[in-house]
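# Coordinate inspection notes
So you can see what is in the structure, the chains are spelled out below.
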Amino acid sequence: IKKYAFAVIFAYLDIFTTIALVYILLNQEDPAYRDAFITLGILVFSLVMQTWFAWTQGYHGVHLVVTFFGGGMFLNTYNVYASKPLTTSVNSGAESNQLVLTKVQEALFDSTPELIWQSLLLLKTKDDWKLIQPVSILFSAMCVAFMMAEAQS
């Protein structure tokens, strides 16, 4: 469970630093609207895809809302390891599948695209980069690294 605790922490730090970067891009002296909306679009697309995949696994209601607002990884980790899960799927055995699927989806639809996009933004800004940019890139890379390590084991 410790490794999934780290995965949850990295996933949330990735989301929070992405949102912080969007905020900074929109509130700087010369707002970079295009860059901010692309960054936010990648995050929203990822959350929509995670929610859709949860729905296809047989989850409904609260689980879908929590997943849409970024809590899918936490909720799925809890459901797998708790004696009384908070939410259940109509499909038997979906909980353990959902935990792995959520992490794969986050790596494919959020962390990897954010890693590439934010690296390009960092290169584009040259001397005017903000500290949040490399930090956000680091957490995106950590999420991808966790998924790759998980795939190896």
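Computed from a predicted structure; not experimentally measured.

About the cut-offs
Residues numbered from 1 in each chain as written. Predicted model: local features only at pLDDT ≥ 70, side-chain atom pairs only at ≥ 80, totals over all residues. Heavy atoms only, no water. Helix = DSSP H or I, 4+ residues; strand = E, 2+ residues; numbered from the N terminus. Buried < 20%, exposed > 50% of the residue type's maximum accessible area, 1.4 Å probe, protein only. Contact = heavy atoms within 4.5 Å. Expected span 1.5 Å × (residues − 1). Patch = residues over 30% accessible without salt bridge, like charges linked within 9 Å, V, L, I, M, F, W, Y side chains within 5 Å. Areas by Shrake-Rupley, 256 points an atom, 1.4 Å probe, with all protein chains shown as cover. Salt bridge = Lys/Arg side-chain N within 4 Å of Asp/Glu carboxyl O. Phe/Tyr/Trp six-rings, centres within 6.5 Å; stacked < 30°, edge-to-face > 60°. Core = buried A, V, L, I, M, F, W, Y, C linked by side-chain atoms within 4.5 Å. 1 Å grid on protein atoms, 1.4 Å probe; cavity = no way out; pocket = protein on both sides within 12 Å on 5 of 7 lines; lining within 4 Å. Points joined across faces, edges and corners; volume = space filled by probe spheres on them. pLDDT = per-residue confidence, 0-100.

## Remarks on the overall build of the protein chain
- Helix and strand content of the protein chain: six helices and zero strands.
- Tracing the protein chain from N to C terminus, the helices and strands come up as α-α-α-α-α-α.
- Relative to its 153 residues, the protein chain shows a buried fraction of 43%.
- Taking as baseline every contact in the protein chain between residues at least 6 positions apart, the subset at least 24 positions apart corresponds to 67%.

## Overview of helix α2 (residues 33-56)
- Between the first and last C-alpha of α2 there are 34 Å, a value that for 24 residues agrees with the 34 Å anticipated at 1.5 Å per step.
- Those residues of α2 not exposed but buried are D35, A36, T39, I42, L43, S46, L47, M49, Q50, T51 and A54.
- Trailing α2 by a residue or two, G58 shows a phi angle of about 100 degrees, which is positive.

## A word on a nonpolar patch on the surface
- A surface patch of nonpolar side chains, amounting to about 760 Å² of accessible area, comprises Y33, F37, L40, V44, V48, V65, F68 and F69.
- Broken down by secondary-structure element, the contributors of at least two residues to the nonpolar patch are α2 and α3 (62-68).
- Ranked by residue count, the leading element in the nonpolar patch is α2, at five residues.
- The residue F69 is located in the loop between α3 and α4 (72-81) in this model.

## Describing the pattern of salt bridges
- Using the criterion set out here, one finds two salt bridges in the structure.
- Across the salt bridge formed by R34 and D35, the nearest N and O atoms sit 3.5 Å from each other.
- In this structure R34 comes out as exposed when scored by relative accessible area, which is 56%.
- For D35, a relative accessible area of 6% gives the class buried.
- Here K124 ties to D35 by a salt bridge, and the two come within 2.7 Å at their closest N and O atoms. Of this pair, K124 sits in helix α5 (residues 94-125) while D35 sits in helix α2; the two residues are 89 residues apart in sequence, bridging distant segments of the chain.

## Quick look at the packing of aromatic side chains
- Scanning the entire structure with this criterion turns up six aromatic pairs.
- Where Y33 meets F37, the ring centres are 6.4 Å apart and the plane angle is 20 degrees; that geometry is what we call stacked. Of this pair, Y33 and F37 both sit in helix α2, four residues apart, which is roughly one turn of that helix.
- Judged by centre distance (6.3 Å) and plane angle (15 degrees), the rings of F53 and F109 are stacked. You can see F53 sitting in helix α2 and its partner F109 sitting in helix α5, a full 56 residues away along the chain.

## Observations regarding the nonpolar core
- Grouped together as the largest cluster of nonpolar side chains are nine residues: L21, V22, L25, A32, A36, I42, W117, L121 and I132.
- Within the residue set of this core, elements represented by two or more residues are α1 (2-27), α2 and α5.
- Among the elements that make up this core, the one with the highest residue count is α1 (three residues).
- If we ignore the near neighbours within four places in the chain, the residues touching W117 are R34, D35, I38, T39 and I42.

## Focus on empty space enclosed by the protein
- Within the structure shown, the criterion is met by one cavity of 30 Å³ or more.
- In this structure, the largest cavity is lined by A11, Y12, I15, S46, L47, Q50, G70, M73, T102, E106 and D110.
- Those elements that provide at least two residues to the lining of the largest cavity are α1, α2 and α5.

## Here we look at the environment of G41
- Assignment of secondary structure puts G41 in helix α2.
- Measuring from C-alpha to C-alpha, the distance between G41 and D110 comes to 9.8 Å, with 69 residues separating the pair along the chain.

## A closer look at the confidence of the model for the protein chain
- Looking at the protein chain as a whole, the pLDDT averages 82, with 88% of positions reaching at least 70.
- By mean pLDDT, the top-scoring element of the protein chain is α2 (91), and the lowest-scoring one is α4 (74).

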